[in-house]
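# Structural overview for review
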Amino acid sequence: MTEFHDLSEKLLNTGDQYWGNLGYWQAEDDYSMACKGLANQLAVAAELNSSSRILDVGFGCGDQLLLWLNEYHVESLCGINYSYSQTDLAQQRLVSYGYSDAACNIHSADVGKLLDLPQLNTASLDQINTVLALDCAYHFPSREQFIRDGFTLLTESSNPQSKRVVLTDIVLAKDLNQLSWHKKALLKGMLWLSRIPQHNIVTEKNYISTLYGIGFKKVDSKDISESVFLPFGAWLALEENRIKEAASSRSVWLKYKVTTAFLAWAYNNDVLRYVIVSATLK
Ligand SMILES: C[S@@+](CC[C@H](N)C(=O)[O-])C[C@H]1O[C@@H](n2cnc3c(N)ncnc32)[C@H](O)[C@@H]1O
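None of the values given here were measured: they were computed from a predicted structure.

## Quick notes on the overall build of the protein
A tally of helices and strands in the protein yields eleven helices and seven strands. The globule rule puts the C-alpha radius of gyration for 282 residues at 19 Å, and the 18 Å found for the protein is close to it. Viewed in the frame of its principal axes, the protein has a C-alpha envelope of about 50 × 45 × 35 Å. A burial count over the protein gives 52% of its 282 residues as buried. Considering only residue pairs separated by 6 or more positions, the protein has 75% of its internal contacts joining residues 24 or more positions apart.

Here it is, written out as structure tokens:
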């Protein structure tokens, strides 16, 4: 069975890494370093530490789970990912690094059913204090519903510590009606090709007010667009020959080429921005 989210990003990575996000790029970074950099930005915003009990949605092939466990020493984690192939690989990797308990707590499932998942046993969710979505909530059937459900789970959790939902995400730079028809058309076409529901792409202002509307008491957001949109394309251009040669087909290479060209266009034309958002219950 072919899946939209699969193991193909291995091609962009080095060593035994399978990251698949847009990256937080610093000078001299390669793709894997930049992806890990974005995960670290999320971890800092979420204040991950040895008391963190995480629900991670859209964890890719598990690189970020290993990061939370190895470098932030989180107390526990559970998670779901729509992709079977990625979840399977993530489970194998967790086991091979000695995290069998965590491997049993991650499952393939659709976030749309977050409150109704028999796979996630109540013991895993009972004590969570952190809900994470690294570069993926824009793909969800409804980001707003995911955040509402995260809020519900955190409210029901008996953990006495501070509780939050933290995401890295794509937002609109300005209202859609301020865009010319051809910019709107290109944006809609690319969202469709990238499996991003259009209703998920809202301005940062609307995003934040939705979070307050759900009931969060404190919302922080940080615009990190400059370190995301253009450098990914610049790196891909430098690596073009290597990646083209290693790609199994021309369409695999084209996917990255078109994505990075679109991201550069969206940034240069003030259409999209990239943010880290942290919403705290109290
Ligand atoms: C752009 S990738 C990011 C992967 C990973 N977080 C990383 O940074 O490498 C998006 C992830 O979201 C997951 N995803 C997309 N739609 C989902 C859904 N409806 N429910 C759960 N996970 C979903 C995909 O399977 C994929 O792992």
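## Topic: the side chain of Gln-64
You can see Gln-64 is positioned in helix H2 (residues 63-71). A polar contact of 2.9 Å, which involves the side chain of Gln-64, links it to the side chain of Asp-56. With residues up to four places along the chain from it excluded, the contact list for Gln-64 reads Trp-19, Asp-56, Gly-58, Phe-59 and Leu-134.

## Looking at the packing of aromatic side chains
Using the criterion set out here, one finds eleven aromatic pairs in the structure. Three or more aromatic residues joined by ring pairs make a cluster, and in this case those are Trp-25, Tyr-31, Phe-232 and Trp-235.

## A few points about the pairing of strand S7 (residues 272-280)
Burial analysis of S7 places eight of its nine residues in the buried class, which makes it a mostly covered element. In terms of strand pairing, strand S6 (residues 218-223) meets S7 through six bridges, oriented antiparallel. Across the sheet, residue Val-219 finds its bridge partner in S7, namely Ala-279.

## Remarks on the site of the ligand
Neighbouring residues of the ligand: 20 residues in total, closest Gly-20, Gly-58, Gln-64, Asn-81 and Gln-86. Gly-60 is positioned such that a nitrogen or oxygen atom in its backbone is 3.3 Å from an oxygen atom of the ligand. Protein coverage of the free-state accessible area of the ligand, which is 590 Å², stands at 94%. Among the residues forming the shell around the ligand, the class breakdown is eight nonpolar, ten polar and two charged.

## Things to note about the packing of helix H9 (residues 229-238) against helix H11 (residues 250-268)
In contact at an axis separation of 8 Å, H9 and H11 are set at 145 degrees when each is read in the N-to-C sense. Once H9 is placed against H11, the crossing between them reads as left-handed. Across from Phe-229, Leu-230, Phe-232, Gly-233 and Leu-236 in H9, the residues of H11 making contact are Trp-253, Tyr-256, Lys-257, Thr-260, Leu-263, Ala-264, Tyr-267 and Asn-268. Considering only residue class, the contact of H9 with H11 consists of nine nonpolar, three polar and one charged.

## Digging into the nonpolar core
Counting 61 residues, the largest nonpolar core has Leu-48, Trp-68, Leu-77 and Leu-272 as the members making the most contacts within it. The residues touching Trp-68, leaving out its near neighbours within four places in the chain, are Ala-39, Leu-42, Ala-43, Leu-48, Ile-54, Asp-56, His-73, Val-74, Leu-77 and Leu-132. Grouped together as the second largest cluster of nonpolar side chains are 33 residues, Leu-55, Val-131, Ala-133 and Val-219 included.

## Focus: the packing of helix H7 (residues 181-193) against H11
One way to put it is that H7 packs onto H11 with a least axis distance of 12 Å and a crossing angle of 145 degrees. Crossing handedness for the pair H7 and H11: left-handed. Listed contacts from H11 to Lys-183, Leu-186, Leu-187 and Met-190 of H7 are Val-258, Phe-262 and Trp-265. Here the contact of H7 with H11 is composed, by residue class, of six nonpolar, no polar and one charged.

## Concerning H11
Across its 19 residues, H11 extends 27 Å between first and last C-alpha, which sits within 8% of the 27 Å expected from 1.5 Å per residue. Of all the positions in H11, only Val-252, Trp-253, Tyr-256, Thr-260, Phe-262, Leu-263, Ala-266 and Tyr-267 are classed as buried. Against H7, H9, helix H10 (240-246) and S7 lie the buried residues of H11.

## Quick word on the sheet that holds strand S5 (residues 164-172)
Strands sit in the order S3-S2-S1-S4-S5-S7-S6 across an open sheet of seven strands; the sheet is mixed. Strands at the two margins of the open sheet, each flanked by one partner only, are strand S3 (106-108) and S6. Going across the sheet, the axis of each strand differs from the next one's by a mean of 20 degrees, ignoring polarity. Bridging between S5 and S7 involves nine bridges; their strand directions are antiparallel. When the sheet's bridge partners are listed, Arg-164 is paired in S7 with Thr-280.

Conventions adopted
- Residues numbered from 1 in each chain as written.
- Predicted model: local features only at pLDDT ≥ 70, side-chain atom pairs only at ≥ 80, totals over all residues.
- Heavy atoms only, no water.
- Helix = DSSP H or I, 4+ residues; strand = E, 2+ residues; numbered from the N terminus.
- Rg over C-alpha atoms; globule rule 2.2 N^0.38 Å.
- Buried < 20%, exposed > 50% of the residue type's maximum accessible area, 1.4 Å probe, protein only.
- Contact = heavy atoms within 4.5 Å.
- Polar contact = N/O pair within 3.5 Å; in protein donor to acceptor, adjacent residues only side chain to side chain.
- Phe/Tyr/Trp six-rings, centres within 6.5 Å; stacked < 30°, edge-to-face > 60°.
- Pairing = 2+ DSSP bridges.
- Near = heavy atom within 4 Å.
- Areas by Shrake-Rupley, 256 points an atom, 1.4 Å probe, with all protein chains shown as cover.
- Nonpolar A, V, L, I, M, F, W, Y, C, P; charged D, E, K, R; others polar.
- Axes fitted to C-alpha atoms, helices over the stretch in contact; angles between N-to-C directions.
- Left-handed = near helix turned anticlockwise from the far one by under 90°.
- Core = buried A, V, L, I, M, F, W, Y, C linked by side-chain atoms within 4.5 Å.
- Expected span 1.5 Å × (residues − 1).

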